[in-house]
Amino acid sequence: MSSPIIGITFGNTSSSIAYINPKNDVDVIANPDGERSIPSVLSYVGADEYHGGQALQQLVRNSANTIINFRDLIGLPFAQADVSKCAAGAPAIEIDGKVGFAIKRGEDKEEKITVDEVISRHLNKLKLAAEDYIGSKVRQVVLTVPTNFNDNQKEALKNAASKAGLEVVQFINEPSAALLAHVEQYPFEKDVNVVVADFGGVRSDAAVIAIRNGIYTILATKHDTSLGGDNLDTELIEYFAKDFQKKTSTNPTKNVRSLAKLRANAIITKKTLSNATTATISIDSLADGYDYHTSINRMRFELVTNKVFSQFSAFVEDVIAKAELDPLDIHAVILSGGVAFTPKLANNFEFLFPESVKILGPNAKESSNQPNELTASGAALQARLVSSYDADELSEALKPVIINTPHIPKAIGLIGSQGEFCPVFLAETSFPAQKKLTLKNAKGDLLVGVYEGDHHIEEKTLEPTPKEEKKDDDEEEEEWSDSEDDEPEIIREKLYTFSTKLMELGIKGVTKGVEIVFNLNKEGVLKVSARDLKSGNVVKGEL
Amino acid sequence: MKIEKKFFKLTSLQLASLQEIERIKREMMFTLPELTSDITVKVNTEAEKSAAVRRPIEPVGRYFLQHAQRTLRNHTWSEFEKIQAEKNVKTVDESTQDPDELLFDDELTDESLLTHDPRDWKTADLYAAMGLSKLRYRANNSQIIKSHRKQVLKHHPDKKSAAGAGLEQDGFFKIIQKAYETLTDSTKRSQYDSCDFNADVEQPKKGTEYNFFEVWGPVFEAEARFSKKQPVPSLGDVNTPKKEVEQFYSFWHRFDSWRTFEFLDEDVPDDSSNRDQKRYTERKNKAARDKKKTADNARLVKLVERVANEDPRIKLFKEEEKKEKERKKWERDAGARAEAEAAAKADAEARARAEADAVSEASAKADKKKAKETAKAAKKKNKRTVRNAPKEADYFGDSDKAAAIDEQVGFIVETVDDELLVEVSTKIKSSPSTTKETLQETAAALSGSGKLPASVLPYFL
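Residues numbered from 1 in each chain as written. Chains lettered and ligands numbered in written order. Predicted model: local features only at pLDDT ≥ 70, side-chain atom pairs only at ≥ 80, totals over all residues. Heavy atoms only, no water.

Caption draft 1: The interface of chain B and chain A, seen in detail. Taken together, the contacts link 49 residues of chain B with 82 residues of chain A. Between chain B and chain A, the buried area comes to about 6,200 Å², and carbon and sulfur atoms account for 60% of it. There are two salt bridges connecting chain B and chain A. In this structure, R62 of chain B and E184 of chain A form a salt bridge, with 3.5 Å as the shortest nitrogen-oxygen distance. The tally of links between chain B and chain A comes to 13 residue pairs in polar contact (both at pLDDT 80 or more). Mapped by element, the contributors of at least two residues to the side of chain B that touches chain A are α1 (2-14), α2 (18-27), β1 (41-43), β2 (53-56), α3 (61-73) and α4 (77-96) of chain B. Considering every element that reaches the side of chain B that touches chain A, the biggest residue donor is α3 of chain B, with 11 residues. Here the residues of the side of chain B that touches chain A are counted per class, giving 24 nonpolar, 11 polar and 14 charged. Looking at chain direction, strand β20 (residues 404-407) of chain A and β2 of chain B are connected through four bridges and run antiparallel. Looking across to β2 of chain B, one finds that P406 of chain A is bridged to R54 of chain B. (Contact = heavy atoms within 4.5 Å. Buried area = accessible area lost by both parts, 1.4 Å probe. Salt bridge = Lys/Arg side-chain N within 4 Å of Asp/Glu carboxyl O. Polar contact = N/O pair within 3.5 Å; in protein donor to acceptor, adjacent residues only side chain to side chain. Helix = DSSP H or I, 4+ residues; strand = E, 2+ residues; numbered from the N terminus. Nonpolar A, V, L, I, M, F, W, Y, C, P; charged D, E, K, R; others polar. Pairing = 2+ DSSP bridges.)

Caption draft 2: Fine view of the pattern of salt bridges. One pass over the full model with this rule turns up 49 salt bridges over all chains. One network of salt bridges, with partners in common, ties together E49, R105, E111, E117, R121, K125 and K163 of chain A.

Caption draft 3: Local environment of helix α17 (residues 435-448) of chain B. All names here are of chain B. Taking 1.5 Å of rise per residue, 14 residues should cover 20 Å, and α17 covers 19 Å from first to last C-alpha, within 8% of that figure. When α17 is considered as a whole, its buried residues turn out to be T435, T438, L439, T442, A443 and L446. End-on view of α17: buried residues confined to an arc of 135°, all on one side of the axis. Where α17 is buried, its residues touch α14 (334-392), α15 (402-415) and α16 (418-430). One or two steps after α17, the chain reaches G450, where phi turns positive at roughly 80°. (Expected span 1.5 Å × (residues − 1). Buried < 20%, exposed > 50% of the residue type's maximum accessible area, 1.4 Å probe, protein only. Arc of directions from axis to C-beta.)

Caption draft 4: Highlighting the packing of helix α10 (residues 212-223) of chain B against helix α12 (residues 275-310) of chain B. Residues and elements named next belong to chain B. Two elements in contact, α10 and α12, have axes whose closest approach is 12 Å; the angle formed by their N-to-C orientations is 155°. On the basis of their axis angle, the class for α10 and α12 is roughly antiparallel. As α10 runs across α12, the sense of the crossing is left-handed. Touching F212, W216, V219, F220 and E223 of α10 are R299, L300, L303, V304, R306, V307 and E310, all from α12. Taken together, the residues that form the contact of α10 with α12 break down as eight nonpolar, no polar and four charged. (Axes fitted to C-alpha atoms, helices over the stretch in contact; angles between N-to-C directions. Parallel < 35°, antiparallel > 145°, perpendicular 65-115°, else oblique. Left-handed = near helix turned anticlockwise from the far one by under 90°.)

Caption draft 5: Summary view of a positive patch on the surface. On the surface, a cluster of positive charge is contributed by K368, K372, K376, K380, K381, R384 and K429 of chain B. For K380 of chain B, a relative accessible area of 59% corresponds to the exposed category. (Patch = residues over 30% accessible without salt bridge, like charges linked within 9 Å, V, L, I, M, F, W, Y side chains within 5 Å. Areas by Shrake-Rupley, 256 points an atom, 1.4 Å probe, with all protein chains shown as cover. Lys, Arg positive; Asp, Glu negative; His and termini not counted. Charge placed at Lys NZ, Arg CZ, Asp CG, Glu CD.)

Caption draft 6: Seen up close, the side chain of H122 of chain A. Along the chain, H122 of chain A falls in helix α2 (residues 115-134). Classification of H122 of chain A as buried rests on a relative accessible area of 0%.

Caption draft 7: Representation of the packing of aromatic side chains. All chains considered together, the criterion is met by 27 aromatic pairs over all chains. Aromatic pair Y239 of chain A and F240 of chain A: ring centres 5.6 Å apart, planes at 55°, arrangement tilted. Looking at Y239 of chain A, the relative accessible area reads 26%, which means it is partly exposed. Of the residues examined, F240 of chain A reaches a relative accessible area of 0% and is grouped as buried. Members of the aromatic cluster, joined through ring pairs, are Y210, W216, F220, F248, Y249, F251, W252 and F255 of chain B. The side chain of K122 of chain B reaches across the aromatic face of F263 of chain B, ending 5.0 Å from its centre. (Phe/Tyr/Trp six-rings, centres within 6.5 Å; stacked < 30°, edge-to-face > 60°. Lys NZ or Arg CZ within 6 Å of the ring centre and 35° of its normal.)

Caption draft 8: Broad picture of the environment of K527 of chain A. All names here are of chain A. The residue K527 is located in strand β27 (residues 526-532) in this model. Accessibility expressed as a relative area gives 37% for K527, which makes it partly exposed. Put simply, K527 and Q434 are 93 residues apart on the chain and 9.4 Å apart in space, counted from C-alpha to C-alpha. If we ignore the near neighbours within four places in the chain, the residues touching K527 are V517, F518, N519, G541 and E542.

What follows is the structure in structure tokens.
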């Protein structure tokens, strides 16, 4: 096998590598330290370079020579870059107008590294890990980027990758990659709208994506670079610090090293709480020679971090609003990123959205249980797809002519026997498109009425069902039904109304069903044909 | 719509799971309304569809790539479906075929193996027992393992006994196991391969007609398996350049073989028996091995020699060489040849010139003679003219003195020199009337010059 194309997700906090193994499954590749989610950290001690988890550990003792959170800085002039995230590690400096880092390598030796170089070194490490795992050279990669990366940033990233010996075959957007990975495992049966919510370490991204005939269209995106898993850590640290201060009257947050120690342990505790209901934190000599040992349960953690979680919820609600959609229009919320592991996140969303919305977190039945690996898997899947194309074909396919397609703003559908609207093409379907509808039970003379449909949300207040007469039965059941019926229930429904009549076709004498084909071509001409399955008679209309 | 509402109630009351509703909804067939009026096609041409919005789609996933393909190649939907369908069929075909399977034997090639005594397993064709008679030394380890599994499935004593044969009939299975043992151990396998004469390709008989390359190619391919150096140059064909042919032969002349003959060793008695006997057998084995090795080397030398002799290319090259040599020699001798040529030319020229000279000399001589003769004849004639002149002139009227005149003219003619004679004769001829005067002048000139005494010419003086 020639060298495979790998998928890399390069995040601010951590990166993942994935490829399609010879068994045709997605393999997320672990680095030589066994980390599948490899911290995007580089650390220097003298002549030695550390990467991944080993570098992350250096943050406690050697923070000035440890570079963190550098992804978002690429391709940006120093003035525009937000370097506050790097503060916990090596401080960012300006090198030729770009962001860079000054690193001490040994006695009196200072090395100035631009962020491009840092990224190139980081990607090289990832490449080496992949080569170690696969056993053959890796030259090509599909790289995921946030949807708000501009062309400059992509170009800079491409150059950094090529410096590490990797050719970027295609950049794909992170939410699309996550969706691709999810759909590959659990395909949606219908055309749907989904929210892909990616809560990383230092930033959150969400996108509303419409899936129409397998083609994804991003309807809205939202980014927040001040919201992420680190906010949870900060809350937790504050909680522990207060607790510690109460016990020892020393504030560990005043001391950089104590803070770093506490942060590292708080992160571990947070991760433990995703799987267990209680976790302990135990730090030797946290500050002033005092040890710290305590345990915390999940409930406490959720209370402490409640503020952040409500920000997460608001964030997702915002993106739906930005897409001018209603939660009822959303079929599912796919959670990705490290924060998705915390059960509270999915719980919150379940309360937030109507029951029709599936929350696809790590614990849901129909979802991957590694939400932080979704994007990398998606990149690997895309890599497999593009590996059968040569470079010219691919660059042809990625031209704006192909990518920018017209979308219908309103649904097109059929009228049903009860006078209801049955959408065939949902709104935001990109065309050219074709859809077949087979009605096996159809009989007799039938009308195929094609309409454009508007949809709106109807709210109805359901009067509380009159209380059943009190029976002397179970007290408990009584209480339960009380709480259920006390408040008037508001039922929200998504309804379609007919707007424009497009055409009507009549087909007679159907005995064994009809097949209706909707075809919307490049120019937006709608062709509808109905075919009698038994006799093969075809009635066609064109608009 | 009504039904949907009903379902909703169901959900709120009975808390039926979401999936359940989905399932029921899917099963619920959508039905078309009855046709009330007589319509076949009625298009609402005035209807304006809402204007389309252009948005970028995400360039990921197979559906996008299909969309790109359709757009780039301008396929219609039906064309595209056809192409997709063809593609699918292909992938299925490819995946179900193990290419190795095709190389194994379908049937046991040698039925006698089934009754072969397993104690004499060394004499059995192990590759045939493994179903690898087509591959032999070319079989790789995974192929050996695969085919062994296949053979075991077929020939396991449990299978045999189930088919009615007794459990003790496991001779062939034992051979298979022995074969597997031998062929999966690299040392044992190389020893066996050394003595696998079934893998040798038959050589053509001397003196028979055959296609050199078709026959010897496989022979050398088979021999090449013993080469320590790999890759081995191939025999090639008629058009192989000389350099490669030379390389081929120089390789085979210096062939380094790993072939060993341990496999044919007589069994060494185990430790418990006589030590001397054991040593003796070992010695004997070693001697036999060395002998065989020498014989094998000699065989190969002879084989290569024979092939080199029969190689049409070598013959061709030799011929070409000869021609080339001749051509070279010819070129080298060009100077000398030109010299010789020039010499010959000069020689011929000289000879021709000499000849021409001789001819011209002869002719000149003849001419001279002729001229002399004519001169003589002319002189004679002139003499006669002069002599007869008086007679012609009737002796100038002095016929009585005819005899004297004749005598005296005779004297004149005899004395006069050639030039004067010509002059006189022409004068006489031109004017016979003045003959006497002419003769008188002549006589005077003669006597004047003292050639004739005047006394002898009284008549004219």
